[in-house]
Structures are given as structure tokens and as C-alpha cells.
Amino acid sequence: MENIRSIMDKVLAAICALLLAFMTLLATYQVITRYVFKAPSTMSEDMLSYSFVWVSLLGAALVFGQKDHMRLSLLSDKFKGSAGLVLSIFTELLIIAIAVIVFLVGGIDFVGVGALQTSPTLNITMDFVYAILPLSGILIIIYNLLNIIQSIQKFNDREKEELQ
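First, a word on scope: everything that follows refers to the structure included in this document.

Calculation rules
- Residues numbered from 1 in each chain as written.
- Predicted model: local features only at pLDDT ≥ 70, side-chain atom pairs only at ≥ 80, totals over all residues.
- Heavy atoms only, no water.
- Salt bridge = Lys/Arg side-chain N within 4 Å of Asp/Glu carboxyl O.
- Helix = DSSP H or I, 4+ residues; strand = E, 2+ residues; numbered from the N terminus.
- Buried < 20%, exposed > 50% of the residue type's maximum accessible area, 1.4 Å probe, protein only.

Describing the pattern of salt bridges
As enumerated under the stated definition, the model contains two salt bridges in all. Its salt-bridge partner being R5, residue E2 comes within 3.9 Å of it at the nearest N-O pair. Of this pair, E2 and R5 are both found in helix α1 (residues 2–36), three residues apart, which corresponds to roughly one turn of the helix. One salt bridge connects E45 with R34, and the closest N-O pair in it is separated by 3.6 Å. Here the residue E45 occupies a position in helix α2 (residues 42–65), and R34 occupies one in helix α1, the gap between them amounting to 11 residues. E45 sits in the partly exposed class, given a relative accessible area of 40%. When its relative accessible area of 32% is taken as the criterion, R34 is described as partly exposed.

With respect to unusual backbone geometry
It is generally the case that most residues other than glycine have a negative phi and that most peptide bonds are trans. You will see that K38, though not glycine, has its phi angle at about 55 degrees, which is positive. The topology assignment puts K38 in the loop between α1 and α2. K38 sits in the exposed class, given a relative accessible area of 64%. Notably, N123 is not glycine yet its phi reads approximately 60 degrees, a positive angle. Position of N123 relative to the elements: it lies in the loop between α3 (81–114) and α4 (127–130). N123 gets classed as exposed once you look at its relative accessible area, which sits at 63%.

It is worth stressing that arrangement in space is one thing and function is another; only the former is reported here.
Right under this line is the structure:
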């Protein structure tokens, strides 16, 4: 399981880094065309917006995988042992439910609507832009399932250590 997580982390981190580098170059190009050549590029503005959405959602999936997202530990710190495990699994399942409803179901609807729309500056259908919603939803779900498995394994390892 850790192998899968490690590979996903590395791939997502690399994609996010590439997108950020691309966005930096694009923003530099946009500033130069606007202020030096007095001819702003509308194409680069749209590409920056779409890239920002992609890097944000891929970054969010990566953060869920590393359990670095914001959370209130007020309740989880009070529960130890099997009660803590149940709370952890419940939290992960709740996140999965939200990811399914919002990212998968809603995202697939958006992709369908996006297939009917065209970006005027880039001349691409918007389904390419909206495809990040179900994709990031799938990644979040995979990470949360891995988190559940990891929580159960840690709990079982602690139980074995206590018995010895």
C-alpha cells in the first residue's frame, strides 16, 4: 500500500511542480506582452486560470493523501484505541462520500456541460478543463481508502505490541 501511495505522491507532486513552472512562465509572458509590448494576451490569461484550477485540485488531492489538510483535532485527540480508529474511519468515509457526490457526480455533470461549451480564446471544449473534477475526486477517494487501510494496520500493529 505504501508503494502505491509513494508513486501517487511522486507523480502528483511532479505534475503540480510542472504546472506551477508553466504558470510562472505564462504569467511572465503575460506581463511582458502587456507592459512591454502594450498588447495583452487573452490566451495566456485563460490558460493561467485553467492551470490554476488544475493545480489547486491536484494539490488538494495530494494534501489529502499526505493527511496535511486542515482538520480540527479537538475530537480526535480525545479518542484512543478502537474508538479513535472508528472515528478515523468515519472521517475518511465522510470525505469519500463528499468526494463522490461533489467531485464525481457533480464533476461528471460539469464535463457533460463542458462538452457543449468552447473556450473563445483557446478554441477548446471546456470538458478538458472540467475533467479535473472527477479526476481529483478519484484521487481523493483512492487516498482516503489508503488512509483507512493504513489506520487499520497501525491499530492492529499497536494491538499486537500490547499483547506481547
